[in-house]
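# Observations on the three-dimensional arrangement
Chain by chain, the residues:
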Amino acid sequence: MKHEICKIVDIPQTGSLIAPFFGREVHVWRCGERIRAAANACLHFGGPLDCKDGAFVCQWHGAKFSLESGERLEGPAPKGSRLMFLSTHIEDGALNYVWGE
Ligand code: FES
């Protein structure tokens, strides 16, 4: 399956774009030359994440996650947990979620 998440031109140079995704949300951001997408859900109790000060920070209890790897940096999310990245593919100026292709 393939599902468009957003247009590449809409992704900011810093920070992230929050895009709707099948009734949920995903953060989309630039990480060096790469474009990454991850569910807007903390690995503690699923709280929403803010992209600020070079990391993702949970609004509920302050867990912090790396922009590069998605790994938990600090806070109550389990040690070794990692944000839920989406499998993506860029085509015709758009970032697409792909599964099983
Ligand atoms: S839900 Fe994110 S730190 Fe608790």
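Just so it is clear, the model here is predicted, and its values are computed rather than measured. (Residues numbered from 1 in each chain as written. Predicted model: local features only at pLDDT ≥ 70, side-chain atom pairs only at ≥ 80, totals over all residues. Heavy atoms only, no water.)

### Here we look at the side chain of Asn40
With respect to the helices and strands, the residue Asn40 is situated in the loop between β4 (34-39) and β5 (49-52). The buried category is assigned to Asn40, whose relative accessible area is 12%. At 3.2 Å, the side chain of Asn40 forms a polar contact with the side chain of His27. Here Asn40 is in contact with Ile18, Glu25, Val26, His27, Gly47, Pro48 and Leu49, once residues within four sequence places are set aside. (Helix = DSSP H or I, 4+ residues; strand = E, 2+ residues; numbered from the N terminus. Buried < 20%, exposed > 50% of the residue type's maximum accessible area, 1.4 Å probe, protein only. Polar contact = N/O pair within 3.5 Å; in protein donor to acceptor, adjacent residues only side chain to side chain. Contact = heavy atoms within 4.5 Å.)

### Here's the deal with the UniProt feature "domain: Rieske" (unreviewed entry) in the protein
The sites that carry the UniProt feature "domain: Rieske" (unreviewed entry) are, in the present numbering, residues 3-80. Here residues 3-80 is 0% helix and 50% strand, with 29 Å between the C-alpha atoms at its ends. (UniProt positions renumbered as here; feature names shortened; annotations may be inferred.)

### Concerning the sheet that holds β4
One open sheet holds the three strands; their spatial order is β2-β3-β4, and the pairing between them is antiparallel. The outermost strands of the open sheet, each flanked by one partner alone, are β2 (16-21) and β4. With direction set aside, neighbouring strand axes in the sheet form an average angle of 30°. In this structure, β2 lies alongside strand β3 (residues 24-31), joined through six bridges in antiparallel fashion. The residue of β3 that forms the bridge with Ala19 is Val26. (Pairing = 2+ DSSP bridges. Axes fitted to C-alpha atoms, helices over the stretch in contact; angles between N-to-C directions.)

### A word on the packing of aromatic side chains
The tally for this structure, following the rule as stated, stands at four aromatic pairs. On the basis of an interplanar angle of 85° and a centroid distance of 4.9 Å, the ring pair of Phe21 and Phe22 is categorised as edge-to-face. The exposure class of Phe21 is buried, given its relative accessible area of 15%. Plain terms: the ring middles of Phe21 and Tyr97 are 5.1 Å apart, the flat faces sit at 85° to each other, and that makes the pair edge-to-face. With a gap of 76 residues between them, Phe21 in strand β2 and Tyr97 in strand β10 (residues 94-98) connect regions that are remote in the sequence. (Phe/Tyr/Trp six-rings, centres within 6.5 Å; stacked < 30°, edge-to-face > 60°.)

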